[in-house]
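Residue-level listing of the chains:
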Amino acid sequence: MAQKTEKQYWLMKSEPDAYSWDDLAAEWQAGDNRDHPGQNPGMWDGVRNYAAAKHMRAMKTGDEVFFYHSQKGLEIVGIAGVATEHYTDPTDSKAEERKTKFVCVDIKPLRNLDNPVSLQAIKANPKLSDMQLVRQGRLSVSAVTPEEWAEILRMASLPSSS
DNA sequence: GCCAACGTTGGC
DNA sequence: GCCAACGTTGGC
């Protein structure tokens, strides 16, 4: 049977001072997890928001993820892939006391965007006005529709969108 | 550094 | 189970 699951698209935010796109690449190069030695490179831990966790539970291997720098940069800088589907977050110390355990996934860097796509440019694009990123600014893991994904890729191929 | 948005917590 | 208080995120 052809399990024809469509590839899904996501967007994940990180403060570059805490964990940047380059840090992700460095972890994969080192083959280890910088902050949690022995854990997987690219482990997306620490999410303690149910909406974000729900998205991570829905992620499948091979799904693609925009990597967004929050606080500083405010732009999508690269594309990562889901390398490992969700598992219990080893940094969730209260997991046992709670019914719902928080989870993490592993992501790996796939490629840089030729031109990072800024939040400003996204907000200025009417085609992207319904993006979860725009509608729900605080959500750290959000869903991206195929149409939004394609539009952002188009923007990333254009000369500097600033 | 401020403040709006919004998720979470805890008292009732 | 409601809702006010509180805490955190993240853009500006």
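Residues numbered from 1 in each chain as written. Chains lettered and ligands numbered in written order. Predicted model: local features only at pLDDT ≥ 70, side-chain atom pairs only at ≥ 80, totals over all residues. Heavy atoms only, no water.

> Explain helix 2 (residues 50-58) here, please?
It helps to recall that an α-helix has 3.6 residues per turn; residues three or four apart then point in one direction. Where helix 2 is concerned, the buried positions are Ala52, Ala53, His55 and Met56. Seen along its axis, helix 2 keeps its buried residues to an arc of 155°; they face one direction. On its buried face, helix 2 sits against strand 1 (9-14), strand 3 (75-88), strand 4 (103-118), helix 4 (132-135) and strand 5 (141-144). The opening residue of helix 2, the one whose side-chain oxygen lies 2.9 Å from the backbone nitrogen of alanine 51, is asparagine 49. (Buried < 20%, exposed > 50% of the residue type's maximum accessible area, 1.4 Å probe, protein only. Helix = DSSP H or I, 4+ residues; strand = E, 2+ residues; numbered from the N terminus. Arc of directions from axis to C-beta. Contact = heavy atoms within 4.5 Å. Polar contact = N/O pair within 3.5 Å; in protein donor to acceptor, adjacent residues only side chain to side chain.)

> Is there a simple way to explain the packing of aromatic side chains in this structure?
The description of an aromatic ring pair rests on the distance of the ring centres and on the angle between the ring planes. Tallied over the full model, the rule gives six aromatic pairs. Clustering of aromatic rings is evident, with ring pairs tying together Tyr19, Trp21, Trp44 and Phe67. (Phe/Tyr/Trp six-rings, centres within 6.5 Å; stacked < 30°, edge-to-face > 60°.)

> For this particular structure, what's the right way to read the protein's contact with DNA strand B?
As a matter of local geometry, DNA strand B sits amid Arg48, Asn49, Tyr50, Arg135, Gln136 and Arg138. The sugar and phosphate moieties of DNA strand B supply 75% of its atoms located within 4 Å of the protein. In the environment of DNA strand B, a phosphate oxygen lies 3.4 Å from a nitrogen or oxygen atom belonging to the backbone of tyrosine 50. One nitrogen or oxygen atom from the side chain of arginine 138 is found 3.0 Å from a base oxygen belonging to DNA strand B. Split into classes, the residues belonging to the surface near DNA strand B amount to one nonpolar, two polar and three charged. (Near = heavy atom within 4 Å. Nonpolar A, V, L, I, M, F, W, Y, C, P; charged D, E, K, R; others polar.)

> Which parts of the structure should I look at to understand the protein's contact with DNA strand C?
In the neighbourhood of DNA strand C, the contacting residues comprise Lys13, Tyr68, Ser70, Gln71, Leu74, Leu119, Lys123, Gly137, Arg138 and Ser140. Counting only the atoms of DNA strand C within 4 Å of the protein, the fraction contributed by sugar and phosphate is 67%. Lysine 123 is positioned with one of its side-chain polar atoms (N or O) 2.7 Å from a phosphate oxygen of DNA strand C. Residue arginine 138 places a side-chain N or O atom 2.6 Å away from a base oxygen belonging to DNA strand C. Classifying every residue of the surface near DNA strand C by side-chain character gives three nonpolar, four polar and three charged.

> Whenever I open this one, the side chain of aspartate 106 confuses me. Can you help?
Take aspartate 106: it is sitting in strand 4. Buried charge without a partner: aspartate 106 forms no salt bridge, and the closest opposite charge is lysine 108, 10 Å away. For aspartate 106, the side chain forms a polar contact with the side chain of tyrosine 87, separated by 2.5 Å. Other than its neighbours up to four places away in sequence, aspartate 106 contacts Asn40, Pro41, Gly42, Met43, Gly81, Val82, Ala83, Thr84 and Tyr87. (Lys, Arg positive; Asp, Glu negative; His and termini not counted. Salt bridge = Lys/Arg side-chain N within 4 Å of Asp/Glu carboxyl O.)

> I keep staring at the pairing of strand 2 (residues 64-69) and nothing clicks. Help me out?
On any regular strand, side chains alternate: one points to one face of the sheet, the next to the other face. Extensive coverage of strand 2 is indicated by the burial of six of its six residues. In this sheet, strand 2 lies alongside strand 1 in parallel orientation, the contact comprising six bridges. The partner of lysine 13 across the bridge, within strand 2, is tyrosine 68. In terms of strand pairing, strand 2 meets strand 3 through six bridges, oriented antiparallel. (Pairing = 2+ DSSP bridges.)

> Quick question: what am I supposed to make of unusual backbone geometry here?
Backbone phi values are negative for most residues with the exception of glycine, while trans is the configuration of most peptide bonds. If you check the backbone angles, glutamine 71 has positive phi at about 70° while not being a glycine. Mapped onto the secondary structure, glutamine 71 falls in the loop between strand 2 and strand 3. According to the relative accessible area criterion, glutamine 71 is exposed, its value standing at 59%. At leucine 74, a residue that is not glycine, the phi angle is positive and equals roughly 50°. Mapped onto the secondary structure, leucine 74 falls in the loop between strand 2 and strand 3.

> Looking at this model, I keep getting lost on helix 5 (residues 146-157). Mind explaining?
Its 12 residues give helix 5 an end-to-end C-alpha distance of 17 Å, which sits within 8% of 16 Å, the value for a rise of 1.5 Å per residue. When we look at burial in helix 5, the residues that qualify are Glu148, Trp149, Glu151, Ile152, Met155 and Ala156. Here the buried residues of helix 5 occupy an arc of 165° about the axis, which is enough to place them on one side. Exposed side chains of helix 5 directed beyond 90 degrees from the buried face belong to Glu147 and Ser157. (Expected span 1.5 Å × (residues − 1).)

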